[in-house]
Amino acid sequence: MKLDKESIIELLNQKGVEVLDLYPNQISVNIKKDNLLNHLVFLRSIGFDHLSFINAVDFIDEGEFELVYHVWSYTHKIHVLNKVRISRNNPVIPTIVNLWEQAQFYEQEIHEFFGIIFEGNKDLSPLFLENWVDIPPLRKDFDTKEFSVRLFGAEIRR
Amino acid sequence: MEDLKANDKRSYIDNLIDFFRKRSIWMLHYCTGCGAVELPPSMTSRWDIERFGIVPMATPRQADVLLVTGYVSLKTLKRIIKIYEQMPEPKWVLAFGSCTVNGGIYWDSYNTITNLAEYIPVDITVSGCMPRPEAVIDALQTLMEMIQSGEGGAYKKYKENYEYYKKNQDRVLRKTAPILGSSETESIYQEKEGNYET
Amino acid sequence: MIAAIRVFGYSLFAIFIGLLFMGIGRKIIARIQLRLGPPFYQAFLDVGKLFARKSITHNFVMDLGMIMSLAGLLSTMLFVPVAGHMAIKTSSNLILIIYLMAIGHLGMAMAAAASGNPNATIGVSRALTMMLGYEIPFFTVMLGLIIFNGTSSLELIAQSQAGGILNWNMVKFPLGFLAAEIALQAIMGEKPFDAMVAPAEIASGPMVELGGKYLGLAFLTHAVSIFVETGIMVNLFMGGASNVFTFVLKQFEIYLITILIEAVFPRFRIEQAVKFLWTVPMSIAVVQLAIILL
Ligand code: SF4
């Protein structure tokens, strides 16, 4: 059964999450960290069966990471962005590997580049970087310019 | 580094061998970065570098010249060093584009090296981003001239200054201590994930 | 002593002709692909360079294997009459020639297996599979000729075609020639039957670990094999020749056909190649055999 966007927003509102209407086929949802798994399970139960991607954003001024779970439904043709904010000082969030298997690689990658720890994910080994001992490189407090100058001897000429 | 100009008296046999070497350069292109797209046109009908005897080869054992076509990330650097060391002598290295000289547009990236010549000896760097096939042919012809005059001997540098190269390679490939020092978040991060360094 | 010098001279001649053909072949392919191509003496430059390089060996079996493959083909060459001349006086028995030709492949297989590279092993297993494919049609054609002439001597078969183009087996048995020509494409390892080298897939197969002098030896082996294989075809189908110059010219004609096919075809997968060789040239050869027998 195909649901249109309005009825999906309605359903989500009944669940008590705040919904933002973005584009004709895209909505954005802000959720709490504790509510994340329940929310994703609910989405999956109403037909959002594809996890496209997980990405992380570093809001260094607010001291928070934002994780965005992109979920897509092939029946409703709607793209839902589920945004979760977690503290930067304690970047821990439950894993969703049991829900969508492909989340394994996204979580590994985010762990590698942001240092966010996914509780319950058994294998958070590095995917891309080798011998990395610094701050995870995509955090805002990692100064790539400084790093490049110190490690590779990049020159700054004006 | 010392001057690599060959000594003046070169025997007839040396000249003949250098002539053979110059007229039959077999290349191994390690296609990193954007540069690889410039090689098919230079090999096929339009520019046809086979007329100088330059042909692509499949393995490092058979190749004379290694083309590094573009930026080099750390993982790639590891492989490039392996390939370079597998090639039998005499061997030459051609580095393409500004990325291999000073990092190009990736100069402040955390994962691409800036100067390839610090890790393996480079004979010729081709300017451009990306060098056109004309530039590639020009570089190869310069290499041919260098071989004939006995100049192209960067591979000898690698043996003589092996410590220098090895030190540089190890510095970037086998990092053991953080470069930027650890911050607060860093310490949390490492506490939580004890096995991260393995 | 004289015999040794003759053998040496013949070997040099075969290598020279083979390398020349390789160079001209590359030039022709380049012209077909609208390129200028390397000079016709490119193969000599390549070999000269290869022998001036440092080379890396893995163990002595690899050295022996390379030498064995060159020696196998050179000894095959001794039994192929070149315009009626031969290095040493023997009977140029076809069956012996075919038997000896396999030694070259086996030497290559030995060297490749000793180098311990998986790509080389794949390449060699493909080369031996291909051997299975082309030998059956080629033997069938040869069987027909042997039955027709009542002899298995290559020299006598060549002599029996003397006297004008109409006496050539190529004209008398066009079907047999066609089948042998297809099989020859596989024997020479040219496209579409070059699955054993396949630079893009298995990194030039048996040659993957060969560098420097070893690759030079492989080049020489290939040159001699071109000489031997085209020589057999000239003797079988084009009536040999009265002098060396005509002989080489006829060899070049055979090589030219191979090169023209090579220049325009993509590559068969190995099982497709064997299947093709066992159906198309095989059935042509069987038809030819039936015509000869009836
Ligand atoms: S120099 Fe330019 S073209 Fe070459 S790899 Fe760098 S960015 Fe790409």
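Note that the structure is predicted; figures quoted are calculated from it, not measured. (Residues numbered from 1 in each chain as written. Chains lettered and ligands numbered in written order. Predicted model: local features only at pLDDT ≥ 70, side-chain atom pairs only at ≥ 80, totals over all residues. Heavy atoms only, no water.)

Caption draft 1: Seen up close, the sheet that holds strand 2 (residues 26-31) of chain A. Residues and elements named next belong to chain A. Strand order in the open sheet formed by five strands is 1-2-5-4-3, with mixed pairing between adjacent strands. Two strands lie at the open edges of the sheet, namely strand 1 (18-23) and strand 3 (50-59), each paired on one side alone. Taking each pair of neighbouring strands and ignoring which way they run, the sheet shows an average axis angle of 20°. Direction of pairing for strand 2 relative to strand 5 (residues 79-87): parallel, over a ladder of six bridges. Within the sheet, the bridge partner assigned to Ile31 lies in strand 5 and is Val84. Lying on the sheet, helix 2 (residues 36-45) is in contact with strand 2, strand 4 (64-72) and strand 5; it crosses strand 5 at an angle near 170°. Most of the contacts of helix 3 (residues 103-114) go to strand 3, to which it runs at about 10°, and overall it touches strand 3 and strand 4. (Pairing = 2+ DSSP bridges. Helix = DSSP H or I, 4+ residues; strand = E, 2+ residues; numbered from the N terminus. Axes fitted to C-alpha atoms, helices over the stretch in contact; angles between N-to-C directions. Contact = heavy atoms within 4.5 Å.)

Caption draft 2: Representation of the environment of Met57 of chain B within the structure. Within the element layout of this structure, Met57 of chain B appears in the loop between strand 2 (55-56) and strand 3 (65-68). Remark: the alpha-carbon pair of Met57 of chain B and His29 of chain B, spanning 28 residues in sequence, is separated by 8.2 Å.

Caption draft 3: Looking closely at the interface of chain A and chain B. Counting from both sides, the interface comprises 38 residues of chain A and, opposite them, 35 residues of chain B. Carbon and sulfur atoms supply 58% of the area buried between chain A and chain B, which totals about 3200 Å² over both sides. The interface formed by chain A and chain B includes zero salt bridges. Along the contact surface separating chain A from chain B lie four residue pairs in polar contact (both at pLDDT 80 or more). (Buried area = accessible area lost by both parts, 1.4 Å probe. Salt bridge = Lys/Arg side-chain N within 4 Å of Asp/Glu carboxyl O. Polar contact = N/O pair within 3.5 Å; in protein donor to acceptor, adjacent residues only side chain to side chain.)

Caption draft 4: Looking closely at the packing of aromatic side chains. In the structure shown here, the tally under the stated rule is 25 aromatic pairs over all chains. Ring plane angle 75° and centroid distance 5.1 Å describe the contact between Phe53 of chain A and Tyr106 of chain A, whose orientation is recorded as edge-to-face. One end of the pair, Phe53 of chain A, is in strand 3; the other, Tyr106 of chain A, is in helix 3, and 53 residues separate them in sequence. Between Phe40 of chain C and Tyr41 of chain C, the aromatic rings sit 5.4 Å apart at their centres with planes inclined by 85°, giving edge-to-face as the arrangement. Judged by its relative accessible area of 44%, Phe40 of chain C is partly exposed. Here the aromatic residues Phe113, Phe128, Phe142 and Phe147 of chain A together with Tyr110 of chain B are joined through ring pairs into a cluster of three or more. In this arrangement the basic side chain of Lys15 of chain A is found over the ring face of Phe42 of chain A, its NZ or CZ atom lying 4.7 Å from the centre. Above the plane of the ring of Trp26 of chain B lies Lys49 of chain C, whose end atom (NZ or CZ) is 3.8 Å from the centre. (Phe/Tyr/Trp six-rings, centres within 6.5 Å; stacked < 30°, edge-to-face > 60°. Buried < 20%, exposed > 50% of the residue type's maximum accessible area, 1.4 Å probe, protein only. Lys NZ or Arg CZ within 6 Å of the ring centre and 35° of its normal.)

Caption draft 5: Main features of the site of the ligand. Neighbouring the ligand are Cys34, Gly70, Tyr71, Gly97, Ser98, Cys99, Ile105, Tyr106, Cys129 and Met130 of chain B. Taken together, the residues of the shell around the ligand break down into seven nonpolar, three polar and no charged. (Near = heavy atom within 4 Å. Nonpolar A, V, L, I, M, F, W, Y, C, P; charged D, E, K, R; others polar.)

Caption draft 6: Molecular detail of the pattern of salt bridges. Here the structure, examined in full by the defined rule, presents 19 salt bridges over all chains. Between Asp64 of chain B and Lys49 of chain C there is a salt bridge, with its nearest N and O atoms 2.6 Å apart. With one member in each of two chains, Asp64 of chain B in the loop between strand 2 and strand 3 and Lys49 of chain C in helix 2 (residues 42-51) form a pair that bridges those chains. The class of Asp64 of chain B is buried, set by a relative accessible area of 2%. Assessed through its relative accessible area of 1%, Lys49 of chain C is described here as buried. Here the salt bridges share partners, and the residues they tie into one network are Asp48 and Glu50 of chain B together with Arg26, Arg35 and Asp46 of chain C.

Caption draft 7: Representation of helix 3 (residues 60-78) of chain C. Over its 19 residues, helix 3 of chain C extends 27 Å from the first C-alpha to the last, a length consistent with the 27 Å expected when each residue adds 1.5 Å. Contact partners of the buried residues in helix 3 of chain C: helix 1 (2-32), helix 4 (94-115) and helix 10 (213-237) of chain C. (Expected span 1.5 Å × (residues − 1).)

Caption draft 8: Representation of the UniProt feature "domain: NADH:ubiquinone oxidoreductase-like 20kDa subunit" (unreviewed entry) in chain B in the model. Cross-referencing UniProt, the feature "domain: NADH:ubiquinone oxidoreductase-like 20kDa subunit" (unreviewed entry) maps to residues 31-142 of chain B in the present numbering. Taken end to end, residues 31-142 of chain B has its terminal C-alpha atoms 21 Å apart, with 25% of it in helix and 12% in strand. (UniProt positions renumbered as here; feature names shortened; annotations may be inferred.)

Caption draft 9: Main features of the arrangement of the chains. The structure contains two pairs of chains in contact, of which chains A and B account for the largest number of contacts. The two units chain A and chain C are non-contacting; their minimal C-alpha-C-alpha distance is 26 Å.

Caption draft 10: Seen up close, the interface of chain C and chain B. Taken together, the contact pairs 31 residues of chain C with 26 residues of chain B. Summing the contributions of chain C and of chain B, the shared interface buries around 2300 Å²; its carbon and sulfur component is 53%. Where chain C packs against chain B, one counts six salt bridges. Linking chain C with chain B are 17 residue pairs in polar contact (both at pLDDT 80 or more). When residues of the side of chain C that touches chain B are traced back to their parent elements, those giving at least two are helix 2 and helix 10 of chain C.

Caption draft 11: Representation of the UniProt feature "domain: NADH:ubiquinone oxidoreductase 30kDa subunit" (unreviewed entry) in chain A. Taking the UniProt record as the reference, the feature "domain: NADH:ubiquinone oxidoreductase 30kDa subunit" (unreviewed entry) is found at residues 29-146 of chain A. Between the end C-alpha atoms of residues 29-146 of chain A the distance is 37 Å, and the span holds 21% helix and 31% strand.

Caption draft 12: Representation of the side chain of Asp46 of chain C in the model. Checked against the element boundaries, Asp46 of chain C lands in helix 2. Ignoring anything within four residues of it in the chain, the contact list for Asp46 of chain C reads Ser24 and Trp26 of chain B together with Arg26 and Phe219 of chain C.

Caption draft 13: Representation of the pairing of strand 1 of chain A. Note: strand 1 of chain A against strand 2 of chain A, five bridges, orientation antiparallel. From the neighbouring strand, Val19 of chain A faces strand 2 of chain A, where its bridge partner is Val29 of chain A.

Caption draft 14: The arrangement of the nonpolar core in detail. Core analysis: the biggest nonpolar cluster contains 92 residues, and Tyr69 and Ile116 of chain A have the highest contact counts within it. Ranked by the residues each element gives to this core, the list is headed by helix 4 (residues 133-148) of chain B, at eight residues. In this structure, Ile116 of chain A is in contact with Ala56, Phe65, Leu67, Ile86, Pro91, Ile93, Ile110 and His111 of chain A, ignoring residues within four places of it in sequence. Among the nonpolar cores identified, the runner-up in size contains 90 residues, and Phe21, Ala43, Val80 and Ala263 of chain C belong to it. (Core = buried A, V, L, I, M, F, W, Y, C linked by side-chain atoms within 4.5 Å.)

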